[in-house]
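# Survey of secondary and tertiary structure
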2 protein chains.
Amino acid sequence: MTPAPDSNDPRVLRTRKDVLAQAMNILISEGWNALTHARVANQSGYSRATIYAHWPERFDLISDAFGQYQEMPHPQKTGDLETDLRGELTSFAQAMVEHRLDRVLASLAEHAQTTPEVVEIRQSFVAAGEAPMREILHDIVSGSKREAVVLMLCGMVSHSVLMHGKAPSRAVINSAVEIVLHGLAKK
Amino acid sequence: MTPAPDSNDPRVLRTRKDVLAQAMNILISEGWNALTHARVANQSGYSRATIYAHWPERFDLISDAFGQYQEMPHPQKTGDLETDLRGELTSFAQAMVEHRLDRVLASLAEHAQTTPEVVEIRQSFVAAGEAPMREILHDIVSGSKREAVVLMLCGMVSHSVLMHGKAPSRAVINSAVEIVLHGLAKK
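Sequence order sets the numbering: in each chain, residues are counted from 1 along the sequence as written. Naming scheme: in the order in which they are written, chains are lettered from A and ligands are numbered from 1. Thresholds applied to this predicted model are a pLDDT of at least 70 for local features of residues and 80 or more for the giving and counting of side-chain atom pairs; totals over whole chains, interfaces and linings are not thresholded and use all residues. Where side-chain values are given, they derive from all heavy atoms of the structure, hydrogens and water being excluded.

### Side note on the overall build of chain A
Heads up, the rule is: Only DSSP runs of H or I reaching four residues or more are called helices, and only runs of E reaching two or more are called strands; each is numbered from the N terminus. Only protein chains enter the accessibility calculation, which uses a 1.4 Å probe; a residue is then buried when its area is under 20% of its type maximum, exposed when over 50%, and partly exposed in between. Any pair of residues with heavy atoms lying within 4.5 Å of one another is described as a contacting pair. Per-residue and other accessible areas follow the Shrake-Rupley method at a 1.4 Å probe size, with only the shown protein chains counted as cover for residues. A residue counts as positive if it is Lys or Arg and as negative if it is Asp or Glu; His and the chain ends are not included. Every charge is mapped to an atom, namely NZ of Lys, CZ of Arg, CG of Asp or CD of Glu.
Summing up its helical and strand segments, chain A has nine helices and zero strands in all. Secondary structure elements in chain A, listed N-terminal to C-terminal, are α-α-α-α-α-α-α-α-α. Viewed in the frame of its principal axes, chain A has a C-alpha envelope of about 70 × 35 × 30 Å. The 187 residues of chain A split such that 48% are buried. Contacts in chain A between residues far apart in sequence, at least 24 positions, make up 62% of those at least 6 positions apart. Summed over all atoms, the accessible surface of chain A reaches about 9,000 Å², with 49% contributed by carbon and sulfur. The distance from the centre of the 19 positive side-chain charges to the centre of the 22 negative ones in chain A is 4 Å.

### Quick look at helix 1 (residues 10-30) of chain B
Residue and element names in this part refer to chain B. Selection criterion: Helix span is expected to be 1.5 Å times the residue number reduced by one.
In this model helix 1 runs 30 Å from its N-terminal to its C-terminal C-alpha over 21 residues, within 8% of the 30 Å that 1.5 Å per residue would give. Within helix 1, the full set of buried residues consists of Val12, Thr15, Val19, Leu20, Ala23, Met24, Ile26, Leu27 and Ile28. Gly31 sits one or two residues past helix 1 and shows a positive phi near 95 degrees.

### Examining the relation of the copies chain A and chain B
Each of the two copies of the chain can be brought onto the other by a rotation about an axis and a shift along it. Applied cut-off: When the copies are superposed, the least-squares fit draws on C-alpha atoms of residues that have pLDDT of at least 70 in both.
By a simple turn and slide, chain A fits onto chain B: the slide is 0.0 Å along the axis, the RMSD is 0.0 Å, and the turn is 180 degrees. Such a combination of rotation and displacement between the chain copies is what one expects of a two-fold axis. Mapped onto chain B, 100% of the interface residues of chain A again fall at the interface, so both copies present the same surface.

### Things to note about the interface of chain A and chain B
We apply this condition: Reported buried area values correspond to the accessible surface (1.4 Å probe) lost by two parts on association, with both partners' losses combined. A pair is scored as a salt bridge if a Lys or Arg side-chain nitrogen falls within 4 Å of a carboxyl oxygen belonging to Asp or Glu. Each polar contact in these results corresponds to two N or O atoms within 3.5 Å; when the atoms are within protein, one needs to be able to donate a hydrogen and the other to accept it, and residues that are neighboring in sequence are counted only if both atoms are side-chain atoms.
On the side of chain B, 47 residues touch chain A, which itself brings 47 residues to the contact. When chain A packs against chain B, close to 4,000 Å² is buried across both sides, 64% of that on carbon and sulfur atoms. At the junction of chain A and chain B, the tally comes to two salt bridges. A salt bridge links A:Glu178 to B:Lys145, with the nearest nitrogen and oxygen atoms 3.8 Å apart. Linking chain A with chain B are 16 residue pairs in polar contact (both at pLDDT 80 or more), by the criterion used here. Going through the elements one at a time, helix 6 (101-112), helix 7 (116-137), helix 8 (143-164) and helix 9 (170-184) of chain A are the ones with two or more residues in the side of chain A that touches chain B.

### Topic: the confidence of the model for chain A
Rule in force here: A residue's pLDDT is simply how confident the predictor is in it, with values from 0 to 100.
Averaged over every residue, the pLDDT of chain A is 93; the share at 70 or more is 97%. Reported for the predicted complex are a pTM of 0.92 and an ipTM of 0.92.

### Re unusual backbone geometry
With a phi angle near 50 degrees, A:Arg100 is a residue other than glycine that sits in the positive phi range. Following the sequence through the fold, A:Arg100 ends up in the loop between helix 5 (81-98) and helix 6.

### Describing the side chain of B:Glu88
All names here are of chain B. Topologically, Glu88 is positioned in helix 5 (residues 81-98). One buried charged side chain, Glu88, makes no salt bridge at all; its nearest oppositely charged neighbour is Lys77, positioned 4.0 Å away. Apart from residues no more than four positions distant in its own chain, Glu88 is found in contact with His74, Pro75, Lys77, Gly129, Pro132, Met133 and Ile136.

### Details of the pattern of salt bridges
All names here are of chain A. With the rule as written, the count across this model stands at 16 salt bridges over all chains. A salt bridge links Glu30 to Arg39; the shortest N-O distance between them is 2.7 Å. Arg86 is the salt-bridge partner of Glu82, the closest N and O atoms lying 3.3 Å from each other. Of this pair, Glu82 and Arg86 both sit in helix 5, separated by four residues, roughly a single helical turn. Look at Arg86 and you get partly exposed, because its relative accessible area is 31%.

### Let's talk about the environment of B:His37
Residue and element names in this part refer to chain B. Looking at the element boundaries, His37 is found in helix 2 (residues 37-44). The contacts of His37, once residues within four sequence positions are left out, are Ile51, Tyr52, Trp55, Pro56, Glu57, Arg58 and Leu61. Polar contacts involving the side chain of His37 include one to the main-chain carbonyl oxygen of Trp55, which spans 2.6 Å.

### Concerning the packing of helix 8 of chain A against helix 8 (residues 143-164) of chain B
In plain terms, the rule: Here an angle of 0 to 180 degrees is reported between the N-to-C directions of two axes, which are lines fitted to C-alpha atoms, with helices fitted over the stretch in contact. Reported orientations rely on four angle classes, namely roughly parallel under 35 degrees, roughly antiparallel over 145, roughly perpendicular from 65 to 115, and oblique for the rest. Gly is put with the polar residues, along with every residue not named as nonpolar or charged; the nonpolar set is Ala, Val, Leu, Ile, Met, Phe, Trp, Tyr, Cys and Pro, and the charged set is Asp, Glu, Lys and Arg.
For the pair helix 8 of chain A and helix 8 of chain B, interaxial distance at closest approach is 6 Å and the crossing angle is 85 degrees. Looking at the two axes, helix 8 of chain A sits roughly perpendicular to helix 8 of chain B. Contact with helix 8 of chain A, carried on its side by A:Leu151, A:Met152, A:Leu153, A:Cys154, A:Gly155, A:Met156, A:Ser158, A:His159, A:Ser160, A:Leu162, A:Met163 and A:His164, involves B:Leu151, B:Met152, B:Leu153, B:Cys154, B:Gly155, B:Met156, B:Ser158, B:His159, B:Ser160, B:Leu162, B:Met163 and B:His164 of helix 8 of chain B and no other residues of that element. Here the residues of the contact of helix 8 of chain A with helix 8 of chain B are counted per class, giving 14 nonpolar, ten polar and no charged.

Below, the structure is given as structure tokens:
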């Protein structure tokens, strides 16, 4: 039996990082059901015993893989509302293509329907993804209006990708930001 | 071998309708992989030979099941833009709960990632679902602005359900419609 790994050891941290990146690659390229201890061991070149020592349960492994993946770069804030909203949405749309966020979100949506552990993973993943958008809007709008804006802007990207199979164009993103900001301006 | 069914016979039409409704129930309650000829025969009480005679391929069966399911009632248009947009979004949000549209959309999103036949099914399903919204907006806005509004409003509902696990509240729907209509008003 491999001993429980010391998570302060830099080599251990690197091992974990490597393995979790491989785990997300497996999810993206082979689908949710392929994301098992055995497949991750095989793909990453570590032993099954090592993988089990770090993540005794399959959902520990899945949860940590999403945790690492969600640490995606968001654009630096400029303080200009229109620029920051466009930047955040463009970055979200790009992640769909460059990091296959479309596959990741589709898997979360589908498996959260039937698996309570996935509901928790989705909740923390979505909260992390929406946080910069909520921060940008924090001082501008509140209550059900803020909720509406967050859902409309994030939903524009996720609906486009998950339901139409493509990211929204730059023109559509710019139009959406313009409509929302004009809509929020005082009458 | 069961002969190819005559699709003008009213009994045949009723059989097809029954079977397709059962097929969607299977998808909703047991998931995509359960939606097979064998399971549909078993669930609907018809023979496998009958199911194969109507739908020789699995994707014929799936495609027709979605085709029947998508014939959902949409609210009658009143001609008042705000009322009609609210009505359409409320009906969309209700379908998530009452007809488990959440499960249906999650399955489409997930399986379209890897299966080209599902991309086609999703395309026609989403086009049918969005059609009344596009019709309401047709004379009001065009081009990338219309696309932005359709994606934002439909996306508000689908993002809320697929990513947050709940339909948007009435207050959020009303705020979204208000922001969009104010945003589209001439400056």
